[in-house]
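# Observations on chain architecture
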Amino acid sequence: MAFKEHLERAVSEVPGALLCTLMGHDGIAIETYETESSVEREVMNSTVELTGLLNQVRQSTAGLKSGNLKELVVEGHELTAIVRPVTDEYFVALLMEPHGNFGKGRYLLRVISPRLVAELA
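An account of the accompanying structure is given in this report. (Residues numbered from 1 in each chain as written. Predicted model: local features only at pLDDT ≥ 70, side-chain atom pairs only at ≥ 80, totals over all residues. Heavy atoms only, no water.)

## Quick look at the nonpolar core
Counted only if it meets this: In plain words, nonpolar cores are sets of buried Ala, Val, Leu, Ile, Met, Phe, Trp, Tyr and Cys residues tied together by side-chain atoms within 4.5 Å. Think of it in three bands: residues with accessible area under 20% of the maximum for their type are buried, residues over 50% are exposed, and the middle band is partly exposed, with areas taken using a 1.4 Å probe on protein chains only. The helix count covers DSSP runs of H or I at least four residues long, the strand count covers runs of E at least two residues long, and both are numbered beginning at the N terminus. Whether two residues are in contact is decided by their heavy atoms: any pair within 4.5 Å suffices.
Counting 17 residues, the largest nonpolar core has Leu-7, Cys-20, Val-92, Leu-94, Leu-109, Ile-112 and Leu-116 as the members making the most contacts within it. Of all the elements in the fold, those that place two or more residues in this core are α1 (3-13), β1 (17-24), β5 (90-96) and α4 (102-120). Residues within four places of Leu-7 in sequence aside, it is in contact with Cys-20, Thr-21, Leu-22, Glu-31, Thr-32, Tyr-33, Val-92, Ile-112 and Leu-116. In this structure, Val-43, Leu-69, Phe-91 and Ala-93 belong to the second largest nonpolar core, which totals 14 residues.

## Here's the deal with the side chain of Ser-38
Locating Ser-38 in the fold gives a position in helix α2 (residues 36-41). Overall, Ser-38 belongs to the buried group, its relative accessible area being 0%. Ignoring anything within four residues of it in the chain, the contact list for Ser-38 reads Leu-18, Leu-19 and Val-43.

## Side note on the sheet that holds strand β2 (residues 29-34)
As a reminder, the rule being used: Strand pairing is defined by DSSP finding a minimum of two bridges between the two strands. Geometry is summarised by axes, namely lines fitted to C-alpha atoms with helices restricted to the contacting stretch, and by angles between N-to-C directions that run from 0 to 180 degrees.
Here five strands make up an open sheet; going across it, the order is β2-β1-β5-β4-β3 and the pairing antiparallel. Sheet topology places β2 and β3 (72-75) at the edges, where each strand pairs with a single neighbour. The average angle at which neighbouring strand axes cross in this sheet is 10 degrees, direction not considered. Sheet topology note: the β3/strand β4 (residues 80-85) ladder contains four bridges and is antiparallel. Residue pairing across strands places Val-73 opposite Ile-82, the latter belonging to β4.

Okay, structure coming up:
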């Protein structure tokens, strides 16, 4: 199974999901699956901003000696982002409408993360 199929699964199975992407911590997307609504709203631009935020949070968790970051959630009035590191170099992010099924989104990112790691190997 290819990256895109895993990302598509997350978007298609989570009500309110707009986009799922596998990105490097350098802000370059490896693969992305997005809905037409996502394209219209230009949601992909938000993923680059998430990269900077994720890197800052990773540094903070290292300084706090709290261990590796497991998940980052950014919830706004217009968009919710769930970010989950999959390796030291890559993370997966699911962007969704605020009324989307947040719990199912978190669950599916946990399910597809090991599969993405296997594809990266």
